[in-house]
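In case you want the letters, here they are:
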Amino acid sequence: MTDTEYDVLAIGDAVVDVIAPTDDAFLAAEDVPKGSMRVLSGDAADRLYARMGPAQETSGGSAANSMAGIAALGGRAAFVGQVGPDQLGTIFTHDIRAQGVTFATPPLAGDISTGRCLILVTPDAQRTMNTYRGASEHLSVDAVDADQIARATILYLEAYLWDHEKPRIAMQQAADMAHEAGRAVAFTLSDIACIGRHRKDFVEFVRSGRIDILFGNAEEARALAGIDDLDAAMVELARTVGLCVITCGADGATAIRDGETVSVPAVPPRALVDTTGAGDLFAAGFLIAHARGRPLEASLALGAATAAEVIAEYGARPRGALTQLAAD
């Protein structure tokens, strides 16, 4: 146990997930590639929502899901993200606080609505994400509290916010605040499309020394390193960051630190229901274990076990306590 108030504090998108089952024919009719992640305008999101089938609404956002996972594991988590002064903002705020995560960011003034992610889930459990970021795009450095950052063992940053200047500056300054307080900074690459838009910036951000822990999946690792061979890509990334953590789906996960490479197999889920949030919950398991000083292999193993739990449920957040996983 550390002497900080939080194991992890995250900065990320504050969105509400709208999840609906669908089929391949609907995706084809909408011209949406299965498994993709698109950013939509407000009008486009409204049009797609009108054509979706019956849906389930649940608070989401990648880093926010990770913090909910840490809380479910018995950890201490805080989140910074921007909502609007609307019903979805009220839902997001209620849900994340009810799950045990500290969330104190006030709603944005004005008529900008809370972000939402329209998630289409096909029978093979693949999810296709269509996101309108709304108020999240307006997160500013004013929402970042240096004292709160100093009270967290790890600051966790989400690449989805990089698209817009205000939240990008807020994350960069937050990383500096964390290092000034002697805290570690983690950065998740979030999605291959983010790298496509911002690879040069991400490479510079990692090489700047602001990042201590880098999270990504195999596809993202290859894209960021600019190397097709995964092993070589991971080695290259590990040269520029203290700890590189890469998930490889059914092939498990690997971490590289100071020349040491550790891998664990994936944990088979008790049911294959919905892969939404698997990477977010892997990060939750790894982060809480790492924040509390557990070895790399144990941290990877908890990440794999936590990811398996959310895959067996509908939605991106655990529906109950996962403290037994953390105790194992």
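What counts, and at which threshold
Residue positions are counted from 1 within each chain, in the order its sequence is given. Confidence filtering applies because this is a predicted model: local features only for residues at pLDDT of at least 70, side-chain atom pairs given and counted only at 80 or more, and all residues used for totals across whole chains, interfaces and linings. Side-chain measures here rest on the full set of heavy atoms in the structure, leaving out hydrogens and waters. Disulfides are defined as pairs of cysteine sulfur atoms found within 2.5 Å of each other. Axis angles are defined between N-to-C directions and span 0 to 180 degrees, where every axis is a line fitted to C-alpha atoms and, for a helix, only to the segment in contact. Each helix is a run of DSSP H or I of at least 4 residues and each strand a run of E of at least 2, with the numbering of both proceeding from the N terminus. Should the near helix be turned anticlockwise from the far one by less than a right angle, the crossing is termed left-handed; should it be turned clockwise, right-handed. The contact criterion used throughout is that any non-hydrogen atoms of two residues lie within 4.5 Å. In this classification, the charged set is Asp, Glu, Lys and Arg, the nonpolar set is Ala, Val, Leu, Ile, Met, Phe, Trp, Tyr, Cys and Pro, and all remaining amino acids, among them Gly, are polar. Among buried residues, those of type Ala, Val, Leu, Ile, Met, Phe, Trp, Tyr and Cys that are joined through side-chain atoms within 4.5 Å constitute a nonpolar core. For each residue, the accessible area found with a 1.4 Å probe, counting protein chains only, is set against the maximum for its type, and the residue is called buried under 20%, exposed over 50%, and partly exposed in between. Pairs of strands are assigned from DSSP output, requiring at least two bridges between the strands. Pairing of aromatic rings covers Phe, Tyr and Trp, the last through its six-membered ring, and needs centres within 6.5 Å; plane angles under 30 degrees mean stacked, over 60 mean edge-to-face, and all others mean tilted. A pair is scored as a salt bridge if a Lys or Arg side-chain nitrogen falls within 4 Å of a carboxyl oxygen belonging to Asp or Glu. UniProt positions are given in the numbering used here, feature names are shortened, and annotations may be inferred rather than shown by experiment. What a helix is expected to span follows from its residue count: subtract one and scale by 1.5 Å. Distance and chemistry together define a polar contact, namely a pair of N or O atoms within 3.5 Å, with one atom able to donate a hydrogen and the other to accept it when in protein, and with adjacent residues in sequence counting only for side-chain atoms on both sides.

A. Representation of the state of the cysteines in the model. Applying the stated criterion across every chain, the model contains zero disulfides. The thiol of cysteine 194 is not disulfide-bonded; the next cysteine sulfur, from cysteine 117, is found 12 Å away.

B. The packing of helix H8 (residues 218–225) against helix H9 (residues 230–238), seen in detail. Running from N to C, H8 and H9 cross one another at 65°; their axes reach a closest spacing of 9 Å. Considering how the two elements wind past one another, H8 and H9 form a crossing that is left-handed. On H9, the residues that touch Ala218, Ala221, Arg222, Leu224 and Ala225 of H8 are Leu230, Ala233, Glu236 and Leu237. Among the residues making up the contact of H8 with H9, the classes are represented as seven nonpolar, no polar and two charged.

C. Layout of the nonpolar core. Within the largest apolar cluster, 53 residues are counted, with the highest numbers of intra-cluster contacts made by Ile11, Leu155, Leu157, Phe187 and Phe202. In terms of nonpolar packing, the next biggest core, distinct from the first, is built from 45 residues, Phe79, Phe103, Ala253 and Val310 among them.

D. Expanded view of the pairing of strand S12 (residues 243–247). Most of S12 is tucked away, with four of its five residues classed as buried. Relative to S12, strand S11 (residues 213–217) is paired through five bridges, and the arrangement is parallel. If you follow glycine 216 over to S12, its bridge partner there is isoleucine 246. Here S12 folds back onto strand S13 (residues 253–257) in antiparallel fashion, the turn holding five residues, of which glycine 249 has a positive phi close to 60°.

E. Just the packing of aromatic side chains, in detail. Tallied over the entire structure, the rule returns 11 aromatic pairs. When the centroid spacing of 6.1 Å and the interplanar angle of 65° are considered together, the rings of tryptophan 162 and phenylalanine 187 count as edge-to-face. Residue tryptophan 162 is located in the loop between strand S9 (152–158) and helix H6 (165–180), and its partner phenylalanine 187 is located in strand S10 (residues 184–188); the two are separated by 25 residues in the primary sequence. Assessed through its relative accessible area of 2%, tryptophan 162 is described here as buried. With relative accessibility at 0%, the residue phenylalanine 187 sits in the buried group. Look at tryptophan 162 and phenylalanine 205: their rings are 4.9 Å apart centre to centre, the planes differ by 50°, and that puts the pair in the tilted class. Here tryptophan 162, found in the loop between S9 and H6, pairs with phenylalanine 205, found in helix H7 (residues 192–207); they are 43 residues apart in sequence, far enough to count as distant. Each residue in the set Tyr156, Phe215, Phe282 and Phe286 is aromatic and connected to the rest through ring pairs, giving one cluster.

F. Quick peek at the pattern of salt bridges. Under the counting rule described, the total for this entry stands at 15 salt bridges. The shortest N-O distance in the salt bridge between lysine 34 and aspartate 124 comes to 2.9 Å. Within this pair, whereas lysine 34 is found in the loop between helix H1 (24–30) and strand S3 (37–39), its partner aspartate 124 is found in the loop between strand S7 (114–121) and strand S8 (127–134), the two being separated by 90 residues in sequence. Residue classification places lysine 34 among the partly exposed positions, given a relative accessible area of 37%. When the shortest N-O distance is used, the salt bridge between arginine 270 and glutamate 309 registers 3.2 Å. On the criterion of sequence distance, the pair formed by arginine 270 in the loop between strand S14 (260–264) and helix H10 (278–291) and glutamate 309 in helix H11 (residues 296–311) is long-range, its members being 39 residues apart.

G. Region of interest: the UniProt feature "domain: Carbohydrate kinase PfkB" (unreviewed entry) in the protein. As annotated by UniProt and renumbered to match this structure, "domain: Carbohydrate kinase PfkB" (unreviewed entry) occupies residues 55–317. The span residues 55–317 is 41% helix and 22% strand, and its two end C-alpha atoms sit 16 Å from each other.

H. Layout of H7. With 16 residues, H7 extends just 19 Å between its outermost C-alpha atoms, more than 12% less than the 22 Å of an ideal straight helix rising 1.5 Å per residue. For H7, the secondary structure elements touched by its buried residues are S9, H6, S10, S11 and H8. Regarding H7, its N-cap is aspartate 191, as a side-chain oxygen of that residue lies 2.8 Å from the backbone nitrogen of alanine 193 further along. Phi turns positive, to about 90°, at glycine 209, one or two residues after H7.

I. Inspection of the sheet that holds S11 at higher detail. One open sheet holds the nine strands; their spatial order is S6-S5-S1-S9-S10-S11-S12-S13-S14, and the pairing between them is mixed. The open sheet has two edge strands with one neighbour each: strand S6 (102–103) and S14. Direction of pairing for S12 relative to S13: antiparallel, over a ladder of five bridges. Note on S13: the bridge partner recorded for valine 245 is alanine 255.

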